[in-house]
Amino acid sequence: MDLFSSSWTALLTAVAGLADEDFERPSGCAGWLVRDLVCHLVIDAQDVLITLVTPADTEPTRDAVTYWAVTRTRPTGDDPLDALIVRLAAAYEEPSLLKFHLDDVGSAAGRAARLADPGLRVSTQDEVLTAGDYLSAFVLEWTLHHLDLVARVPGAAGPPAETLAGARELLEKIAGAAFPESFSDRDALLVGTGRRAPTDEEKAQLGALSAKLPMVLG
């Protein structure tokens, strides 16, 4: 729960610190500008709020690891939902309006997460998780998108060290294997999810794990 708050607070702070021109830069998400990614974060924050007030009375069907659907197909930005995000982001016109909406909804999502009982069973996407597992899964989401946000924004602060480490730990559980110790947490996340291609040296260090990469999370 603490890592959720740390990762989300850092991401909101990074968005608040963006200059208007930064919203027109490419993000680390294929086909999305920074403004499109920030609009996606608004939707994510709404999802957190909705899920935390959608209790379930059945046993959990997923946890923080199995929450993720994993493929090896990299997104192209052509998916209908991805295209919708681009249109929604353009409708804001002014970056300040998008910043305000994310701060408003995002702050509420952060408060809801802090107030949530970790053992509460909640429902999302026809699955049931504890609130603690659901929020833990989002540490990976926030950390990856923080890396996406600052990928081409010079001087922008990246995710905190503790959330990079927590996201790497979860990604390794999803992979069922550890990344080499020579990989920084940031590089493990970027290479592991296909945001950066491994160098020849890194491929050799990855060994059998390279056959599972990239892990595209959805």
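A quick note: this is a predicted structure, and the numbers were derived from the prediction, not measured.

Asks: Sorry if this is basic, but what is going on with the overall build of the protein chain here?
Replies: Tallying secondary structure elements over the protein chain gives eight helices and four strands in all. Reading the protein chain from its N end, one meets helices and strands in the order α-α-β-α-α-β-β-α-α-α-α-β. Taken over C-alpha atoms, the radius of gyration comes to 17 Å for the protein chain, in line with the 17 Å a tight globule of 218 residues would show. Seen along its three principal axes, the alpha-carbon backbone of the protein chain occupies a region of about 45 × 45 × 30 Å. The burial tally for the protein chain puts 45% of its 218 residues in the buried class. For the protein chain, the share of sequence-separated contacts (at least 6 apart) that also reach a separation of at least 24 residues comes to 72%.

Asks: Hey, could you run me through the packing of aromatic side chains in this one?
Replies: The geometry of an aromatic ring pair is captured by the separation of the ring centres together with the interplanar angle, meaning the angle of the planes. Across all of its chains, the model carries eight aromatic pairs by this definition. For the pair Trp-8 and Trp-142, a centre-to-centre distance of 4.0 Å together with 20° between the ring planes defines the contact as stacked. Pair noted here: Trp-8 is in helix α1 (residues 2-16) and Trp-142 is in helix α5 (residues 131-150), with a separation of 134 residues, a long-range link. There is no split in this pair, since Trp-8 and Trp-142 are both buried. Seen from their ring centres, Tyr-67 and Phe-138 are 6.3 Å apart, and the 50° between their planes marks the pair as tilted. Taken as a pair, Tyr-67 in the loop between α2 (34-52) and β1 (70-71) and Phe-138 in helix α5 lie far apart in primary sequence, 71 residues in all. Comparing Tyr-67 with Phe-138, the two get one shared label, buried. Among the aromatic side chains, those forming a connected cluster through ring pairs are Phe-4, Trp-8, Tyr-67, Trp-68, Tyr-134, Phe-138 and Trp-142.

Asks: What's the story with the state of the cysteines in this structure? I'm lost.
Replies: When the sulfur atoms of two cysteines share a covalent bond, that bond is a disulfide. Under the criterion given, the structure shown has zero disulfides. Among the cysteines around Cys-39, which has no disulfide bond, Cys-29 carries the closest sulfur, lying 12 Å off. Overall, the relative accessible area of 2% leaves Cys-39 in the buried class.

The rules behind the values
- Residues numbered from 1 in each chain as written.
- Predicted model: local features only at pLDDT ≥ 70, side-chain atom pairs only at ≥ 80, totals over all residues.
- Heavy atoms only, no water.
- Helix = DSSP H or I, 4+ residues; strand = E, 2+ residues; numbered from the N terminus.
- Rg over C-alpha atoms; globule rule 2.2 N^0.38 Å.
- Buried < 20%, exposed > 50% of the residue type's maximum accessible area, 1.4 Å probe, protein only.
- Contact = heavy atoms within 4.5 Å.
- Phe/Tyr/Trp six-rings, centres within 6.5 Å; stacked < 30°, edge-to-face > 60°.
- Disulfide = S-S within 2.5 Å.

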